[in-house]
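# Tertiary structure, described
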Amino acid sequence: KEGNSISLIDVLECEDCDTFEKVELKLRVKELQRIMTANLTDREKKIIGMRYGLYGGKEKTQKEIADELGISRSYVSRIEKKAIEKINDGMDK
């Protein structure tokens, strides 16, 4: 109003202090999706998605996943553990 220039950073800082965290989170989610697509099998992706409520679903227990997929809870646990290791390896690269 008074002739002072306002940069985008000024607006973002004033209106929403969480904006930077939201942007960072979106970038991290995209990277996670890329890593999952590149490194996990379809079954591993499905179990991780169900377990952690990805793709718009709700978080499920290993028992709930096992019952839904017709496999044992311990097998779900092994698949989940292996998938998380693959994700971690992908993030390290």
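Report follows, based on the coordinates. Treat the numbers as computed from the prediction; the structure is a model and nothing was measured.

Time to look at the side chain of Glu44. For Glu44, the position within the fold is in helix α3 (residues 42-52). A polar atom in the side chain of Glu44 sits 2.8 Å from the backbone nitrogen of Thr41. Separated by 3.0 Å, the side chains of Glu44 and Lys86 make a polar contact. The residues contacting Glu44, other than those within four sequence positions of it, are Asn39, Ile79, Lys82, Ala83 and Lys86.

Each α-helix turn comprises 3.6 residues. Residues three or four places apart therefore point the same way. All buried positions along α3 are accounted for by Glu44, Lys45, Ile47, Ile48, Gly49 and Met50. Where α3 is buried, its residues contact α2 (19-39), α4 (62-69) and α5 (73-92). Where α3 terminates, the next one or two residues include Gly53, which has phi positive at roughly 70 degrees.

Turning to the packing of α2 against α5, a few remarks are in order. As a packed pair, α2 and α5 sit with axes 9 Å apart at the nearest point and diverge in direction by 115 degrees. For the pair α2 and α5, the crossing hand works out as right-handed. Contacts between α2 and α5 involve Leu32, Ile35, Met36 and Asn39 from the first element and Lys86, Ile87, Gly90 and Met91 from the second. Residue classes in the contact of α2 with α5 are distributed as five nonpolar, two polar and one charged.

The subject of this paragraph is the environment of Asn88. Residue placement: Asn88 occurs in helix α5. Accessibility expressed as a relative area gives 41% for Asn88, which makes it partly exposed. Sequence separation between Asn88 and Leu32 is 56 residues; the distance between their C-alpha atoms is 9.7 Å.

Before going further, it helps to examine the nonpolar core. Counting seven residues, the largest nonpolar core consists of Ile47, Met50, Ile65, Ala66, Ile71, Val76 and Ile79. Contributing elements (two or more residues each) for this core: α3, α4 and α5. Not counting the four nearest positions on each side in its chain, Ile47 is found in contact with Ile65, Leu69, Ile71, Val76, Ile79 and Glu80. Core analysis: the second largest hydrophobic core is formed by six residues, Ile35, Met36, Ile48 and Ala83 among them.

About the criteria used
Residues numbered from 1 in each chain as written. Predicted model: local features only at pLDDT ≥ 70, side-chain atom pairs only at ≥ 80, totals over all residues. Heavy atoms only, no water. Helix = DSSP H or I, 4+ residues; strand = E, 2+ residues; numbered from the N terminus. Polar contact = N/O pair within 3.5 Å; in protein donor to acceptor, adjacent residues only side chain to side chain. Contact = heavy atoms within 4.5 Å. Buried < 20%, exposed > 50% of the residue type's maximum accessible area, 1.4 Å probe, protein only. Axes fitted to C-alpha atoms, helices over the stretch in contact; angles between N-to-C directions. Left-handed = near helix turned anticlockwise from the far one by under 90°. Nonpolar A, V, L, I, M, F, W, Y, C, P; charged D, E, K, R; others polar. Core = buried A, V, L, I, M, F, W, Y, C linked by side-chain atoms within 4.5 Å.

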